[in-house]
Amino acid sequence: MAKTNVLSDFQEKYGLIAGSESKCDRFAKIVLRLLNENFLVQDKRGDQDDYYVATGSYKAVIEDFFRFLDISFLVDREKRICYIRGDNERNRLRLRKLETVLLLLFRSLAYKGERTIASYNAVVVTVDEVLRRLQETEIYPDGVSMTEFRLAMGTLRRYKVIDFQDDVSKGETQVVIFNTILVLVDSSSLLELEERLKKYIGGSEDEEAVARQAD
């Protein structure tokens, strides 16, 4: 669709809310959140209200706004998430080695959780489980410092891969794995994930890996 037609469609839909300052403010808030955070997650308490509005009454106007920017606004109701994906792979998530390894581990843990937790859409694990799985990979034979681990976990929480409320230096701290992981890491089996993890054995921690934000 030509950009002029997209703009015309957006103007028409935006005109339906333009008479209300509160609705315009809500639209701007949601658009900025998507641009800054990429995802809105129904299972995340701080996202719920904006998720329902973005995927409900504001869905069409948000789609047209992002279409004008060559960005797709996608809603996956089964996974209970909505997100944006830039055309031509322009929005990519750049992660360092430990962050990437943890991302793959969380995908592995979510893969198992999908088959054991039917009534809850987000899988919950403990820090002890994460550290045990990290040790089993043999990627870090001498372990990782708690400072590095805490920073990596904080990065993944910022990107809405996971969430946690307590100190991640405590083994009993619960970590929620959001369904965003299913979008960020495309995988068909646990074996395939294990093979991908093996590639990081012996690699430099300074290298950067790239995970596509919507494969």
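Everything numeric in this text was worked out from a predicted model, so none of it was measured.

A.B. asks: Please set out the pattern of salt bridges residue by residue, giving values where relevant.
C.D. replies: Within this structure, the stated rule accounts for 18 salt bridges. Close ionic contact of Glu37 with Lys160 constitutes a salt bridge, the shortest N to O distance being 2.5 Å. Pair noted here: Glu37 is in helix α2 (residues 21-37) and Lys160 is in the loop between α7 (146-158) and β6 (162-163), with a separation of 123 residues, a long-range link. With its nearest N and O atoms 3.0 Å apart, the salt bridge here joins Arg80 to Asp43. Of the two residues, Arg80 sits in the loop between β2 (71-76) and β3 (81-86) while Asp43 sits in the loop between β1 (39-41) and α3 (48-54), which places them 37 residues apart along the sequence. Assessed through its relative accessible area of 18%, Asp43 is described here as buried. Through salt bridges with shared partners, one network takes in Arg26, Lys29, Arg33, Glu37, Asp47, Asp50 and Lys160.

A.B. asks: An account of the confidence of the model for the protein is requested, with residue identities and associated values reported.
C.D. replies: Averaged over all residues, the pLDDT of the protein is 87; the fraction at 70 or higher stands at 87%. Confidence scores differ between elements of the protein, with strand β8 (residues 208-212) showing the lowest mean pLDDT of 48 and α3 the highest of 97. Here residues 115-120 is a poorly scored stretch, pLDDT under 50, and it has 2 contacts once near neighbours within four places are set aside; other chains count. For residues 209-215, every residue scores under 50 in pLDDT, and the model assigns this stretch 27 contacts once sequence neighbours within four places are set aside.

A.B. asks: Provide a residue-level description of the side chain of Arg33, including the pertinent values.
C.D. replies: Residue placement: Arg33 occurs in helix α2. Judged by its relative accessible area of 14%, Arg33 is buried.

A.B. asks: Explain the packing of α2 against helix α4 (residues 59-68) to me, using residue names and the numbers behind them.
C.D. replies: At a minimum axis distance of 11 Å, the contact between α2 and α4 shows a crossing angle of 50°. One element, α2, and the other, α4, form an angle in the oblique class. Judged by the twist between their axes, the crossing of α2 over α4 is right-handed. Across the interface between the two elements, Phe27, Ile30, Val31, Leu34 and Leu35 of α2 pack against Val61, Ile62, Phe65 and Phe66 of α4. Considered class by class, the residues forming the contact of α2 with α4 number 9 nonpolar, no polar and no charged.

Calculation criteria
Residues numbered from 1 in each chain as written. Predicted model: local features only at pLDDT ≥ 70, side-chain atom pairs only at ≥ 80, totals over all residues. Heavy atoms only, no water. Salt bridge = Lys/Arg side-chain N within 4 Å of Asp/Glu carboxyl O. Helix = DSSP H or I, 4+ residues; strand = E, 2+ residues; numbered from the N terminus. Buried < 20%, exposed > 50% of the residue type's maximum accessible area, 1.4 Å probe, protein only. pLDDT = per-residue confidence, 0-100. Contact = heavy atoms within 4.5 Å. Axes fitted to C-alpha atoms, helices over the stretch in contact; angles between N-to-C directions. Parallel < 35°, antiparallel > 145°, perpendicular 65-115°, else oblique. Left-handed = near helix turned anticlockwise from the far one by under 90°. Nonpolar A, V, L, I, M, F, W, Y, C, P; charged D, E, K, R; others polar.

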